Amino acid sequence: MTAKRANIVSTLDVVVCGGGRTGHLAAVLFKQVPGVRVTLLTQNREAIEHYRCSETGVTATMPDGTTRSARLDAITSEPEAGLAGADVVVVTVPAHVRPPLLEAIARHLPSNKPVYVGAIPGFCGFDWLAERAFAARPNVVIWGMKDVAHIASDLVPGRSVRMGGAKSTLYVATHARESHASREALLAHLKRLYAAPVELLDDYLEITLTPGNPIMHSAVIYGLIGPYGQWHGKAFSEPLRWWTDCPDLGAYFLERSDEENQSLCKAIEHRMGVNLSSVKSLKQEIVEAYADQIGDAATMLSVLRTNRAYDGIEAPLVPAGDGRYVIDKTHRAFREDVAYGLALLVEMGRRLDTPLPHIEEVFRWSVSYMDGLRHSALDYFPETWPA
C-alpha cells in the first residue's frame, strides 16, 4: 500500500436530527473530525435562516473560552434530502417529539447499507420506539447513548452554542436484535466521532433504567411547588436555577426515587436474568461523570448545588403577571420527563409488583399539574414485557 493510500480518510455521512442545544453542539464537534460530512435536520426555521446568512457557519464556545466553527454540509427541514446518504443518524430531539420524527424519517433512510440510528440521550425506551418505527428496515441498527456527551447552553439557533461540562466516558447500548458485527461497527463509528472513550453496554435496559432527567427534574419541581413545597400555590419573584436552587425537599424525593429505581433494577434482574449492575445510584453517576467539576460531593444536595457543569441552568418559568413567575407546565420536564420517563418506570413497577411509592407520588402530582397525559411511552411500550 502506498503512503498516499494509507492516508485516505473514509467519508462518514452523519445526520443530526434536532436543532436544539445538543444538536447544534454535536454538529459542530462532529464536523471537526476529518472525513465526516454533517447534515443538520431540523424544523427550526430560525436556525435554517440564520445559518444561511452566516459567513462562518455555527460557532461553539468551549469551556476554556476558545471557539470552534463549522460550515455544515447541509442544514434542512426535508428528511428526503438530508438522509439520502446517511451512515449514522443521531436523534437529539426530546422523547415526546421522537415518535413523529422516526415515522417521518423511516421511509427516507438508505436501504442498501447499514444505517446506525441512535438517540442521545437514549432513555424513555427509545429501543422499543425505534423497533416499531423501523420494523420494515432490517438494515437499521438501533442504539442509544446513556447521557449527552456534553452539557450545551446559550443557543442562538443557526449561529452559536456554548459547550459546558463533558462526560469522561460515554456509554452506549444497542437493541437486542443487533448482531455482534453491527455492535462493533457502531462502536468504531462512535469512537471516530467522539474524543472521550466509548464503551458498549450489554443490555439496553442499562440505559432505560439509568437515573436521569425524569427522576431529577420531576423531584426538584415537586420539592419546590408540590403540596409540601415552600412555593406551593405561590409565584416566584425572580428566575430560578435548576440545581443551585434545589430545595432540601427536592433532594430528598430525588434520593428516595433513586432508591426505588434501584429496587426496580433488582426486580428486573431477578425476573429477566439480566445484569444491571452498571446502573449506579444517581449521586454516583453524577460524581463519576463530572469528577473534579463538583466542589462538594458529600451529599446529593451538595453535589447538585456545587457541580460547575450545572451552573446557571435555569428552571422552566413563564411570566405570571406583576413581574412574577410560575413553573411552565408545557415544558419538556413534563411532556418528556413525566410522560415518557416516569410513566415508563411506574408501569414497569406495576407489571413487576415492585412498589415505587415516591416515584408514583411525584408522577401523580406531575400529571395533575400538567393537566393530564395525552401521549406517553406507554404508546409503544411492548404489551408483552417482561415476557
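Please refer to the structure placed before this passage.
Please read all numbers here as calculations on a predicted model, not as lab measurements. (Residues numbered from 1 in each chain as written. Predicted model: local features only at pLDDT ≥ 70, side-chain atom pairs only at ≥ 80, totals over all residues. Heavy atoms only, no water.)

(A) Molecular detail of helix α14 (residues 337-351). The end-to-end C-alpha distance of α14, which contains 15 residues, comes to 20 Å, matching closely the 21 Å that a straight helix rising 1.5 Å per residue would cover. Considering bend angle alone, the principal kink of α14 is centred on Ala343 and spans about 30°. The buried fraction of α14 amounts to 13 of the 15 residues, a majority that puts the element mostly inside the structure. Looking at the residues trailing α14, positive phi occurs at Asp353, about 55°. (Helix = DSSP H or I, 4+ residues; strand = E, 2+ residues; numbered from the N terminus. Expected span 1.5 Å × (residues − 1). Bend = angle between axes of the 7 residues up to and from the residue. Buried < 20%, exposed > 50% of the residue type's maximum accessible area, 1.4 Å probe, protein only.)

(B) Representation of the sheet that holds strand β5 (residues 74-76). The sheet built from eight strands is open, its strands ordered β5-β2-β1-β6-β7-β8-β11-β12 with mixed pairing. Only two strands of the sheet have a single partner each, and these edge strands are β5 and β12 (198-200). Each strand axis lies, on average, 25° off the axis of its neighbour in the sheet, ignoring direction. The sheet contact formed by strand β11 (residues 170-174) and β12 spans three bridges and is parallel. Bridging from a neighbouring strand, Tyr171 pairs with Glu199 of β12. (Pairing = 2+ DSSP bridges. Axes fitted to C-alpha atoms, helices over the stretch in contact; angles between N-to-C directions.)

(C) View of unusual backbone geometry. For the bond running from Ile120 to Pro121, omega is -10°, close enough to zero to count as cis. Of note, Pro121 is situated in the loop between β7 (115-119) and α6 (126-133). Cis geometry is adopted by the peptide bond preceding Pro386, which originates at Trp385 and carries an omega value of 10°. Topologically, Pro386 is positioned in the segment after α15 (357-369). Even without glycine at this site, Asp154 takes up a positive phi of about 55°. Phi at Asp353 takes a positive value of approximately 55°, unusual for a residue other than glycine. The topology assignment puts Asp353 in the loop between α14 and α15.

(D) Expanded view of the sheet that holds strand β3 (residues 58-61). If you walk across this open sheet you meet the four strands as β4-β3-β10-β9, and the pairing is mixed. Looking along the sheet, the strands with just one partner apiece sit at the ends: β4 (67-70) and β9 (150-156). Averaged over neighbouring strand pairs, the angle between their axes works out to 25° when direction is ignored. Two elements, β3 and β4, share four bridges in a ladder whose sense is antiparallel. Within the sheet, the bridge partner assigned to Thr61 lies in β4 and is Thr67.

(E) Highlighting the packing of aromatic side chains. Applying the stated criterion across every chain, the model contains 14 aromatic pairs. Pairing Tyr222 with Trp365 gives two aromatic rings, centres 5.6 Å apart and planes at 75°, and the pair type is edge-to-face. With Tyr222 in helix α9 (residues 213-225) and Trp365 in helix α15, this pair connects stretches of sequence that are 143 residues apart. Take Tyr222 and Trp365: they sit in the same class, and that class is buried. Ring plane angle 70° and centroid distance 5.4 Å describe the contact between Tyr290 and Tyr310, whose orientation is recorded as edge-to-face. You can see Tyr290 sitting in helix α11 (residues 282-290) and its partner Tyr310 sitting in the loop between α12 (300-306) and β13 (317-321), a full 20 residues away along the chain. Take Tyr290: its relative accessible area is 3%, and that puts it in the buried class. An aromatic cluster is defined as three or more aromatic residues linked by ring pairs; in this entry it consists of Tyr222, Tyr252, Phe253, Phe334, Trp365 and Tyr369. The cationic tip of Lys146 hangs over the ring face of Tyr171; the distance from NZ or CZ to the ring centre is 4.4 Å. Over the ring of Tyr369 we find Lys329; its NZ or CZ atom is 5.4 Å from the centre of that ring. (Phe/Tyr/Trp six-rings, centres within 6.5 Å; stacked < 30°, edge-to-face > 60°. Lys NZ or Arg CZ within 6 Å of the ring centre and 35° of its normal.)

(F) Region of interest: the side chain of Asp13. The residue Asp13 is located in strand β1 (residues 12-17) in this model. What Asp13 contacts, discounting residues up to four positions off in sequence, is Arg37, Gly85, Ala86, Asp87 and Val88. (Contact = heavy atoms within 4.5 Å.)

(G) A look at the packing of helix α10 (residues 248-272) against α14. Direction vectors running N to C along α10 and α14 enclose 50°, while the axes themselves pass 10 Å from each other. Judged by the inter-axis angle, α10 sits oblique to α14. Our pair here, α10 against α14, has a crossing hand that is left-handed. Listed contacts from α14 to Asn261, Leu264, Ile268 and Arg271 of α10 are Leu345, Met348, Gly349 and Arg351. For the contact of α10 with α14, the residue count by class is four nonpolar, two polar and two charged. (Parallel < 35°, antiparallel > 145°, perpendicular 65-115°, else oblique. Left-handed = near helix turned anticlockwise from the far one by under 90°. Nonpolar A, V, L, I, M, F, W, Y, C, P; charged D, E, K, R; others polar.)

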